[in-house]
Each structure stands twice: as structure tokens, then as C-alpha cells.
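Breakdown of the fold
Residues per chain are reported as follows:
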Amino acid sequence: MKKSLLIAFAIFLAALTACRSTATKSDAPTAEEVWKDYFVGNIIFKDEAPESEGSRIYHSIIPDAEAYIARQAREVLNTLYFSPNDSITPVNNLYYTLKDSEGISAKGGSNGEIYIFYSTRHVEKSFIEQDTAKVDFETRGVLLHELTHAYQLEPQGIGTYGTNKVFWAFIEGMADAVRVANGGFHGEEDRPKGGNYMNGYRHAGYFFVWLRDNKDADFLRKFNLSTLEVIPWSFDGAIKHVLGEEYNIDDLWQEYQIAMGDIPTPAQQ
Ligand SMILES: [Zn+2]
């Protein structure tokens, strides 16, 4: 009798612990809560193509562009940083402009003065199937990518975006990683197969998110912050800094490719 009571008590304790751990998880503050007092920059929205069909569609989906951009900015910050106390790239003014031009979207500027343009022609193209949800999804995804460029940290001691392929691949890979991490792509459907993380963009982005999901839940934040500590910066140096000396970037890429079924396991070769 005593023994069964003891067992019952043990089960009760285990259940209590399980409850507590799930409660702790769901109590985690949202990006909105953590970053609500953080100055994301003055967001200055300008529509330079008010007569265009793309502009009409944009405004019908996003009635308050400045609030919308600020909300996505907080999601980006929450993906790149642990808290507002980190060393964050400051943004003073963020000019976001709708333009009737070629291309999709791009970020320019520096030293806290950031310019992002978004093409109304691209909005029109996204609306080809008269599906506003598709335009909304695409607009948010593109915005997550460009906003990452505004707030992300950059490698040091290896040249610049224009002169060094490693610098470029990291910058564009992180921008797409933030987009992947926040549901800005269509999952596996949008994941490129093969290639290499040095291809940047989605090749690197999906890989970085896989590292977050399989090696370290804070991988993206630590990888971003590694630029402050690993100088001169390199993919392998940053991987060792974040995950440990026993890791190697090319071995991890291989492991990722095998795990995703993109290449056969060595035994099958
Ligand atoms: Zn980019």
C-alpha cells in the first residue's frame, strides 16, 4: 500500500514538473513584448507611384504601412538578437518607398540612414492570380529580408559586401534565414537543393535555420553576434565560436545535405 502511494506521488510529481515546463515555454514573451520600447527608427513611408495598380493593391492590403513595417522590424530584431541590451546596429531613419521600377526590392544607405524601395510592378506581378493573400505573403517575405539588412551585424576584417564573397554570402544568407525563420517562404517548396552555403540567399538561409533547429536554438542570434568577436570573420571560425571547436562548416553542410535527402548517405554511394 505504502509503495503504491509512493509511486502515485512520484507520478504526480513528474506530471507537475511536465506541466511547469510547458507553462514556462508558453510564457516566453513575444517579439512585440520584448521589443516594444526599442527604437526601431523613424519609419518614413513614401509612395512615389500613387497612380499605379501596384500601389492600389499595396494600400488595400496594408492600410498602415508604417505600423506594419515597425511590426516586422521587431520580428527581425527578435530573430537576430537576444534582447535590446545587445550591441545592435542602430537605425535612425528608415525610408521605405514604393516605386514604379524594375526589380523587386533593395536596401541602401548606412550609418543609421536606411533606404528600402519596393517595386509596384513586382506587386502587380504578385497579384497575377488576383490573390491578395499571395501579395501579402510575398510583401512580408521581401520586407523581412530587406529589414534584416538594416539591423544585422556585418563581418569585420575581411573587406566589404562588394569585395568579399564570404561577406556577401553571410549578409544575404542571414537575410533569407530571418525570412525562413519567420515563415516568409513556402517551406520545403522554396528550399533550393544542392549548391553550397557560399551561394548565399536561400541556399545559406535554409541551412542556417537547420543549424538552429538541430544544433543550437539560438544559432541565428549567436551567428549574427559572432561578427563582433570573430575577427577576421570566417564561416568556419564563426561555426567553431558558436557551436564548438569540434565542428566544421563544410562537414555541417554535408550533414545538412544528407539529413534533407539532397545527397545520399555515404553508405549508399
Ligand atoms: Zn539582400
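Going by the structure above, here's the rest.
Since we're looking at a predicted model, the values are computed, not measured. (Residues numbered from 1 in each chain as written. Predicted model: local features only at pLDDT ≥ 70, side-chain atom pairs only at ≥ 80, totals over all residues.)

Some remarks on the nonpolar core
Nonpolar side chains tend toward joint burial in soluble globular proteins. Selection rule: As used throughout, a nonpolar core is a set of buried Ala, Val, Leu, Ile, Met, Phe, Trp, Tyr and Cys residues joined through C-beta atoms within 7 Å of each other. Exposed residues have 12 or fewer other C-beta atoms within 10 Å of their own C-beta, buried residues have 20 or more, and residues in between are partly exposed; the C-beta atoms are placed from the backbone. Secondary structure is summarised from DSSP: a helix means a run of H or I of at least four residues, a strand means a run of E of at least two, and numbering begins at the N terminus for each. An automatic or database domain assignment is the source of the domain bounds shown. The contact criterion used is a C-beta to C-beta distance within 7 Å, with each C-beta placed from the backbone.
Among the nonpolar cores identified, the biggest contains 55 residues, and Val76, Ala177, Val178, Phe207 and Phe208 are the most heavily contacted of them. When residues of this core are assigned to their parent elements, the largest contribution, eight residues, is made by helix H7 (residues 165–181). In terms of domain composition, this core takes at least three residues from each of domain 1 (30–151) and domain 2 (156–269). Once residues lying within four places of it in the same chain are set aside, the contact partners of phenylalanine 207 are Tyr197, Trp253 and Tyr256.

Brief notes about the sheet that holds strand S4 (residues 113–119)
Defined as follows: When DSSP finds two or more bridges between two strands, those strands count as paired. Helix axes are fitted to C-alpha atoms over the stretch in contact, other axes to C-alpha atoms as well, and angles between N-to-C directions run from 0 to 180 degrees.
Read across the sheet, four strands follow the order S1-S2-S4-S3 without closing on themselves; strand pairing throughout is mixed. Looking at strand neighbours, the two that pair on one side only are strand S1 (42–47) and strand S3 (105–110), the edges of this open sheet. Pairwise comparison of adjacent strand axes, ignoring direction, gives a mean angle of 15° for this sheet. Note: S1 against strand S2 (residues 93–99), six bridges, orientation parallel. Note on S2: the bridge partner recorded for phenylalanine 45 is tyrosine 96. Contacts from helix H4 (residues 65–80) reach S1 and S2, with the element oriented near 130° to S1. Sheet contacts for helix H6 (residues 132–151): S2, S3 and S4; angle to S3, the most-contacted strand, approximately 15°.

Focus on the environment of isoleucine 43
Looking at where isoleucine 43 falls in the secondary structure, it is placed in strand S1. For the pair isoleucine 43 and tyrosine 95, spaced 52 residues apart in sequence, the C-alpha to C-alpha distance is 6.1 Å. Other than its neighbours up to four places away in sequence, isoleucine 43 contacts Glu66, Ile69, Ala70, Leu94 and Tyr96.

What to know about the pairing of S3
The side chains of a regular strand alternate between both faces of the sheet. Bridge count between S3 and S4: six bridges; the pairing is antiparallel. Within S4, the position partnered with alanine 106 by the bridge is phenylalanine 117. Where S3 hands over to S4, the hairpin turn is made up of two residues, of which asparagine 111 adopts a positive phi near 50°.

Examining helix H10 (residues 235–243)
Applied cut-off: Taking the helix axis as origin, the arc is that swept by the directions to the C-beta atoms.
Listed in full, the buried residues belonging to H10 are Phe235, Ala238, Ile239 and Val242. Summarising the axial view, the buried residues of H10 lie within an arc of 100°, below the 170-degree limit, and thus occupy one face. Those residues of H10 hidden inside the fold are in contact with H7, helix H9 (219–225) and helix H11 (249–259). One or two steps after H10, the chain reaches glycine 244, where phi turns positive at roughly 130°.

Thoughts on the environment of tyrosine 118
Along the polypeptide, tyrosine 118 turns up in strand S4. Looking at tyrosine 118, the number of C-beta atoms within 10 Å reads 23, which means it is buried. Here the alpha-carbon distance between tyrosine 118 and lysine 107, two residues eleven residues apart in the chain, equals 9.3 Å.

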